[in-house]
Amino acid sequence: MTFAVHGLPVARGIAIGRAVLVVSSRLDVAHYFIKPEEVETEIDRVRIARNAVAEELQKLQASVALMGPNDAPHELAALLEVHLMLLQDEVLTGGVKHWIVERLYNAEWALTTQLEVVARQFDEMEDEYLRERKADLEQVVERLLHRMKGTAAVLAPTPPRRKRTADDEDSDPTARDAIDAPLVLIAHDLSPADMLQFKKSVFAGFVTDVGGRTSHTAIVARSMDIPAVVGARSASQLVRQDDWVIIDGDAGVVIVDPSPIILAEYGFKQRQGDLERGRLARLRHKPAVTLDGQKVDLLANIEMPEDTLGAVKAGAVGVGLFRSEFLFMGREAQRLTRLPDEEEQYQAYRRAIEGMQGMPVTIRTIDVGADKPLDGKMVRDDESHLNPALGLRAIRWSLADPAMFLTQIRAILRAAAHGEILLLIPMLAHISEIRQTLALIDFARAELDNRGMVHGKVKLGAMIEVPAAALTLKIFLKHFDFLSIGTNDLIQYTLAIDRADESVAHLYDPAHPAVLRLVAETIAECRRQGKGVSVCGEMAGDVAFTRLLLGMGLRSFSMHPSQILAVKQEVLRADTSKLQAWTQQVLEADDPASLMTPAAAPQ
Ligand code: PEP
Ligand code: MG
């Protein structure tokens, strides 16, 4: 039966494919694809864990048998028996094998996927006793996952698809479609680190139950340039493994089990989208200049040095934001037990510079905390804090760990010997933070000098992400060469709306008069003082804001490479001399959005 789930659109386009459910377990498990030649090893990992758990349960049974009825209730022996049965059950073992062999899931992913499949069957049972066995199954799977910890193979970057065999078509007439169909990912939540792994995969679209439009998970999804919907509440409960799903990333709708008519309609929309992309691709080599001759820099936001490839391809004239924290995330899945050291970071920054072929690269120092946690074991635990978005994140984190910060600064300064680097500091608000940061940068430079190591000059920039910073620009401009406006956080902190919380997503309003005034004032003050200014939050890649930002005087926009051509099209059609009066009206309006519709904005 066809039904739709509504969420928030984060990345445009239509994806049609079969659902791959990523189920959250109480144990944090890695999800990645293995190589075909690793199938046997992965099946062995499950078998070895199963034998170990069986032994563990049998030992427990033996010790229970030795206890008197007062020490061990007789239900305990029965329970252990049930766990042993579930452990050996063909539905579990055969199902796990199926996901490993057919889909090339790693063992942990296969286990949690099969747990989800069987748990749903338990949920549907009439008999209450049997329904309650779901909890036992969960415990058994958790024991297995515990056993498998530390035995994972190294992450395989691309998900090879299983070869179709003659049997497939004989056994099931729809098998051909099922195997060749694109896969779409459905999850309750995905951490930005998970997303980073999936970035290397072939998923055609994403849906998550939670998250806001500018949550970091949404940001990584957008950088993958595939249709995505977040905040779809109960999608992961309603969709089943292998369901056919349409993701409408423009409308924020997920259609499950679509009828042939709906499929045909969305297939048409999908082709229209492809044609539009083809048209935009022609703008790639065209310089971004407005009708009245204003040159505009369209820069790329990247998460990894390898993203520079897409940035250059999209016609970016530099990197306006390298979110360096992504180098520090998802390391456990790669069996890396430490944070990247100076040499590893230096090599990564250098790769980014080389990737940009002589164009400038803006590296932002590590911005972890809030919805970008590092792997739990490697760093101090941040979950105990009541409100992580207002807690120890970004520069606050760095200043709380000067050794880590100095390591990063040294790596960036060394990389600056190979090309133009701009060093950007996130989330500053206090003069004391500015002073400490600048002192640490000087210290890092002196350390390199003492070691006799080659390093380069960098321009220093601060992100304007907190209203306190936007209201004290003169202080910032005394100390920094340029400013970059992080609208994602500026909106969050100005409006007191958690950017990752879908329940308040309707109040997360980039066109709120307070936000627009802070952005406009920051641009104006930088221009008055002849300092560089750019916007690197999601607003920069949203074509609905291009004219307004141009009208405010902005000439440097940084966004995901996938958004560059659409924004360039807006730039090419704009005449900034006609935008100023309208921009002023928008800034003075009670409801700016009403003046920003295509009909109300000057053409
Ligand atoms: C921002 O806050 O707008 C920004 C670019 O930083 P991030 O999204 O990484 O917090
Ligand atoms: Mg930010």
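Residues numbered from 1 in each chain as written. Chains lettered and ligands numbered in written order. Predicted model: local features only at pLDDT ≥ 70, side-chain atom pairs only at ≥ 80, totals over all residues. Heavy atoms only, no water.

Considerations on the overall build of the protein chain
So, step 1. Tallying secondary structure elements over the protein chain gives 23 helices and 16 strands in all.
So, step 2. Restricting to contacts in the protein chain with at least 6 residues of sequence separation, those with at least 24 account for 71%. (Helix = DSSP H or I, 4+ residues; strand = E, 2+ residues; numbered from the N terminus. Contact = heavy atoms within 4.5 Å.)

Remarks on the coordination of the magnesium ion (ligand 2)
So, step 1. At this site the magnesium ion (ligand 2) is bound by Glu465 (OE) and Asp489 (OD), with donor distances of 2.0 Å. On the criterion of sequence distance, the pair formed by Glu465 in the loop between strand S13 (458–464) and helix H17 (467–470) and Asp489 in helix H19 (residues 487–495) is long-range, its members being 24 residues apart. For the pair shown, Glu465 and Asp489 are each scored as buried. (Donors = N, O, S within 2.8 Å, 3.2 Å for Na, K, Ca; no water. Buried < 20%, exposed > 50% of the residue type's maximum accessible area, 1.4 Å probe, protein only.)

Thoughts on the sheet that holds strand S2 (residues 8–11)
So, step 1. Read across the open sheet, the eight strands follow the order S1-S8-S7-S3-S4-S5-S6-S2; overall the sheet is mixed. Each end of this open sheet is capped by a strand with a single partner; those strands are strand S1 (3–6) and S2. Between one strand axis and the next, the sheet turns by 30° as a mean value, whatever way the strands run.
So, step 2. In this structure, strand S7 (residues 244–248) lies alongside strand S8 (residues 253–256), joined through four bridges in antiparallel fashion. For Asp248, the partnering residue across the bridge sits in S8 and is Val253.
So, step 3. Running at roughly 90° to strand S3 (residues 14–22), helix H4 (residues 107–123) makes contact with S3 and strand S4 (183–187) of the sheet. (Pairing = 2+ DSSP bridges. Axes fitted to C-alpha atoms, helices over the stretch in contact; angles between N-to-C directions.)

Focus on a negative patch on the surface
So, step 1. On the surface, Glu126, Asp127, Glu128 and Glu132 cluster together into a patch of negative charge.
So, step 2. Mapped onto the secondary structure, Glu132 falls in helix H5 (residues 128–148).
So, step 3. Owing to a relative accessible area of 43%, Glu132 belongs among the partly exposed residues under this scheme. (Patch = residues over 30% accessible without salt bridge, like charges linked within 9 Å, V, L, I, M, F, W, Y side chains within 5 Å. Areas by Shrake-Rupley, 256 points an atom, 1.4 Å probe, with all protein chains shown as cover. Salt bridge = Lys/Arg side-chain N within 4 Å of Asp/Glu carboxyl O. Lys, Arg positive; Asp, Glu negative; His and termini not counted. Charge placed at Lys NZ, Arg CZ, Asp CG, Glu CD.)

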